[in-house]
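# A closer look at the structure
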Amino acid sequence: EYTPEFRTLIGSLYAPHFKVLGYTPNTAADKNNPTTTARLRQQVVTAMARAALDPVIRRDLVAMVSKYLGRDNNSINREAISPDLVNMALAVAVEDSDTGFARQLLDRGLSSTDTIFRGDVFSALARTKDIEFGRSLIDDLLLSDRIRSNEAHALINAFMANPDYREYTWAWLKNNLDAFLKRYS
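So, here is what we can say about the structure in this document. Note that the structure is a prediction, hence the values are computed from the model and not measured. (Residues numbered from 1 in each chain as written. Predicted model: local features only at pLDDT ≥ 70, side-chain atom pairs only at ≥ 80, totals over all residues. Heavy atoms only, no water.)

## With respect to a nonpolar patch on the surface
Nonpolar side chains collect at one region of the surface, where Y2, F6, L9 and L13 lie side by side and expose about 370 Å² of accessible area between them. Its place among the elements puts Y2 in the segment before α1 (4–21). (Patch = residues over 30% accessible without salt bridge, like charges linked within 9 Å, V, L, I, M, F, W, Y side chains within 5 Å. Areas by Shrake-Rupley, 256 points an atom, 1.4 Å probe, with all protein chains shown as cover. Salt bridge = Lys/Arg side-chain N within 4 Å of Asp/Glu carboxyl O. Helix = DSSP H or I, 4+ residues; strand = E, 2+ residues; numbered from the N terminus.)

Below is the structure:
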């Protein structure tokens, strides 16, 4: 966990870059070097949202996710957010929303056939603050036929990367390793 002083420092270092890059890939840098600028934008917005916990950026990302997901459960609005920000924005939305949002996102992910969207959803769900819900995802999904093998591996990695779930995930994996290997080998 970062100290408030560190969060302030990160915000002061990255804010000037964010002002230049913004959320949308329509700057001069995007025209000259789109790939590098997309990576830089992703790192800058991630630092501002996740390390600095900038409330305006987090609010904006949650709003973008709302537009991205829309009201229709069968489609997503790809124009609502830059593709390189989707994964991180979904994680911020999971962190800043209630468990009801996370459950709806889970349902959307499970019903989708879009591999990239599913991956983004499952890694974002590992950021839930609802420990009971997070543990239920580990218990109910990792051996389920509702997720693909690459998604199970990504889900384990995402939960292991979250300090709130690391010990529980490790214990689950040790207790279920034979079944996990049999399911996904």
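## A look at helix α6 (residues 99–111)
Compared with an ideal rise of 1.5 Å per residue, which puts 13 residues at 18 Å, α6 spans 18 Å between its outermost C-alpha atoms and is within 8% of the ideal. Summarising the contacts, the buried residues of α6 are in contact with α4 (55–69), α5 (86–96), α7 (115–125) and α8 (131–141). Capping the start of α6, D98 holds a side-chain oxygen 3.2 Å from the backbone nitrogen of G100, two or three residues further along. (Expected span 1.5 Å × (residues − 1). Contact = heavy atoms within 4.5 Å. Polar contact = N/O pair within 3.5 Å; in protein donor to acceptor, adjacent residues only side chain to side chain.)

## Side note on the packing of aromatic side chains
What the rule picks out here adds up to six aromatic pairs. With a centroid separation of 5.0 Å and 80° between ring planes, the pair formed by F159 and Y165 is classed as edge-to-face. Exposure class is identical for F159 and Y165. Each is buried. Ring-pair connections join several aromatic residues into one group, and the members of that group are W172, F180 and Y184. (Phe/Tyr/Trp six-rings, centres within 6.5 Å; stacked < 30°, edge-to-face > 60°. Buried < 20%, exposed > 50% of the residue type's maximum accessible area, 1.4 Å probe, protein only.)

## Comments concerning α8
Looking only at α8, the buried set comprises F133, G134, L137, I138 and L141. Along α8, the residues classed as buried sweep out an arc of 145° about the axis, all on the same side. Where α8 is buried, its residues meet α6, α7, α9 (149–161) and α10 (166–184). N-capping of α8 is provided by D130, with a side-chain oxygen placed 3.2 Å from the backbone N of E132. (Arc of directions from axis to C-beta.)

## Some remarks on unusual backbone geometry
In this model, L53 sits at a positive phi of 55°, which is unusual for a non-glycine residue. The exposure class of L53 is partly exposed, given its relative accessible area of 37%.

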